[in-house]
Amino acid sequence: MKNNTLLTPNEQKILRGEQFEGAQTLYDPVQKTAALFPTHTALRFLGKNISYKTLSAQVETYANCLTAAGLSAGEAVTFALPNIPESVYLLYAAAKAGLRIAPIHPLSSPDAIAAAMQRSGSRLAFVLADSAQNTAAACPFAVVVAVSPAQSLGFKNALYCLKHPMPKPSGNLTVLSAFLAAPHALTLPPPSVCPAGEDTSILLQSGGTTGTPKVIGLSARAVNNLAARGLGILGRDKGTDCGMLSVLPVFHGFGLAMGIHAMLCHGGKNVIFPKFHRNSAVKEIQKGNVQFIIGVPRLYEALLSHPRFGGKKLRSLVVAFVGGDFVSHALLKKFDAHVAQSGGTCRLLEGYGLTETVTVCSVNTAAENREETVGKPLSGIEIAAFDFSDGAPVPLPADQKGELAISGDTLMSEYVADSAATDAVFFTHDGKKWVRTGDCGSVDADGFVHFVSRYKRIVKIHGIPVYPMEIEQLVVAQQNVSDACAVPVQGKNNEQEIVLFVESQDKTLTETLPALIEQKISVFAKPARVVLVEKFPLTNVSKIDTKKLIELL
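Residues numbered from 1 in each chain as written. Predicted model: local features only at pLDDT ≥ 70, side-chain atom pairs only at ≥ 80, totals over all residues. Heavy atoms only, no water.

A.B. asks: I keep staring at the nonpolar core and nothing clicks. Help me out?
C.D. replies: Side chains of nonpolar character tend, in soluble globular proteins, to be buried together. Grouped together as the largest cluster of nonpolar side chains are 97 residues, with contacts concentrated most on Leu55, Leu66, Tyr92, Leu124, Phe126 and Phe179. The element best represented in this core is helix 11 (residues 253-265), accounting for 9 residues. Not counting residues within four places of it along the chain, the set of residues in contact with phenylalanine 179 comprises Cys65, Leu66, Ala69, Leu124, Phe126, Val145, Thr174 and Leu186. Val247, Leu304, Val322 and Leu332 belong to the second largest nonpolar core, which has 25 residues in total. (Core = buried A, V, L, I, M, F, W, Y, C linked by side-chain atoms within 4.5 Å. Buried < 20%, exposed > 50% of the residue type's maximum accessible area, 1.4 Å probe, protein only. Helix = DSSP H or I, 4+ residues; strand = E, 2+ residues; numbered from the N terminus. Contact = heavy atoms within 4.5 Å.)

Shown next as structure tokens:
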């Protein structure tokens, strides 16, 4: 941390967290920050800088339009948009108008958007122009607004629309320009009852801690509490001179809370893209617009493979965080070595979190980190391992594996419209409220959290627990291996067995890896088969698509 006397009076206010005092909505701290730094860049989108003053004006306009359209306080507004200025405007406008925020994946199918809207009781959706017509047909109970990803780019928008024409408004389909010009002209269907509790402000789609699809209800307070820790996580005393490579979309808790919200609460800028493109990302890094990066492993692999990701300009990077999927130690070391070779000090650090805690709840930092851990809990957050085998939670001593549970002020409010699941995931211990994670791990004597595996990923081979992540960590450390994925399948006599998929062209691995795994881990972890794959299929959030891998068998 730098000397606080070097900060301006307004920067000292931000450092003291005054923007969060009395905050009732997600927009309150951003609005206060915008008033302090109106001329600073809030968003950088495809080469265009958007100031905090402009951001505030757009949020005001969008909020007024949402109200004029006939939406009532507590209703949910759905938007299936990538990281474009309009998605940020809608995020905060909905909060300012007293509405619930329901972002979903921009590539969701029309049927998936319809299902998500029905779960949240939403009757207004903003979606990409390319899919708007089909989405409107799937959502007769709602009004669908078509949005162009180039809406904010003037002449470039006209060029984009030549290739991707906006649909013609008809029936329950309109376009963003028409909505902003005459929101009162919308004919919304009658409102439905929103199943969320009073404390729920943000509705995020998630698999839940058990892998069953759920809607996670977060309070604005919980998201603000995480954002308030932003500078501490980043190891800075101010964010006004920094930029975040904001690639993860706002439908992702980490993308919403840390990729967008935290920087805007601290006067920094978000460098946003409608879709991650490594050339564009590298250009922004080279221009010095990016000091922080958060992302999944694939993002860093893409950066490292780019020929221009190097040189003195990498020295502008301060810190990078990775999570959301299996992270190999080889990737962490490769990134650190690459940046160091360019004379930079940025390190790639691993963290841990889940949407039930707004995402990140423990992280390695530049000041405190330990290899093969996911760091220490954030300030004010507690993480402990428990034994639930007899029903009641029993806390476990240091280094003993159990189910990780989390307590603190960033816990979700509920699983929306699922009181049974909500009751099952929360428990009280030592007078505090905790949430079960469904993850196996331990906490060492120094407070570092060791993540072992999702319980749903723990496989029993002949009654012995096997951890696929342990196999993958070993395999990706070998030569000629780009990535690995250990998948349980039904084998002979209905016994489970491991099939190891390896991203490599080295055919000798099919023979050498099983022996290595047996030697280094156990005979039970030895895969029944090793399948070489040229490139892993990925899901929409850049995780390995195991269902498609199994289809290769």
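A.B. asks: What should I look at first to understand helix 11 in this one?
C.D. replies: Structurally, the α-helix is built with 3.6 residues per turn, so residues lying three or four positions apart point the same way. The buried count for helix 11 comes to 13 of 13 residues, which makes it a mostly enclosed element. The first or second residue beyond helix 11 is glycine 267, which carries a positive phi of 80°.

A.B. asks: So what exactly am I meant to see when it comes to the side chain of aspartate 439 here?
C.D. replies: Within the fold, aspartate 439 resides in strand 22 (residues 432-443). Within the local environment of aspartate 439, its side chain forms a polar contact with the side chain of tyrosine 352, the two groups lying 2.5 Å apart. Not counting the four nearest positions on each side in its chain, aspartate 439 is found in contact with Tyr352, Gly402, Glu403, Leu404, Phe451, Ser453, Arg454 and Tyr455. (Polar contact = N/O pair within 3.5 Å; in protein donor to acceptor, adjacent residues only side chain to side chain.)

A.B. asks: Would you explain the sheet that holds strand 16 (residues 376-377) in this entry?
C.D. replies: The mixed open sheet is built from 9 strands, whose spatial order is 2-1-11-10-12-13-14-15-16. In the strand order of this sheet, the two ends are held by strand 2 (48-51) and strand 16, each with one partner. Along the sheet, helix 4 (residues 85-96) contacts strand 1 (41-45), strand 2 and strand 11 (269-272); its crossing angle with strand 1, the most-contacted strand, is approximately 140°. Across the sheet, helix 14 (residues 329-341) touches strand 13 (319-322) and strand 14 (348-354), and the angle it forms with strand 14 is around 140°. (Pairing = 2+ DSSP bridges. Axes fitted to C-alpha atoms, helices over the stretch in contact; angles between N-to-C directions.)

A.B. asks: Hey, could you run me through the packing of aromatic side chains in this one?
C.D. replies: A ring pair, where both rings are aromatic, is described by two values, the distance of the centres and the angle of the planes. Here the structure, examined in full by the defined rule, presents 11 aromatic pairs. Summarising the aromatic geometry, the rings of phenylalanine 126 and phenylalanine 179 are spaced 5.2 Å apart at their centres and angled 80° between planes, so their arrangement reads as edge-to-face. You can see phenylalanine 126 sitting in strand 5 (residues 124-128) and its partner phenylalanine 179 sitting in helix 8 (residues 176-181), a full 53 residues away along the chain. Each member of the pair, phenylalanine 126 as well as phenylalanine 179, is classed as buried. Taking 5.3 Å as the distance between ring centres and 80° as the angle between the ring planes, the aromatic pair formed by phenylalanine 388 and phenylalanine 427 counts as edge-to-face. Note that phenylalanine 388 is positioned in the loop between strand 17 (382-387) and strand 18 (394-395) and phenylalanine 427 in strand 21 (residues 426-429), a separation of 39 residues in sequence. A single burial state applies to phenylalanine 388 and to phenylalanine 427, both of which are buried. Through a chain of ring-to-ring contacts, the aromatic side chains of Phe386, Phe388, Phe427 and Trp434 assemble into a single cluster. Here the basic side chain of lysine 433 rests over the ring of phenylalanine 426, its NZ or CZ set 4.1 Å away from the ring centre. When the ring centre of phenylalanine 388 is taken as reference, the NZ or CZ atom of arginine 436 above it lies at 3.7 Å. (Phe/Tyr/Trp six-rings, centres within 6.5 Å; stacked < 30°, edge-to-face > 60°. Lys NZ or Arg CZ within 6 Å of the ring centre and 35° of its normal.)

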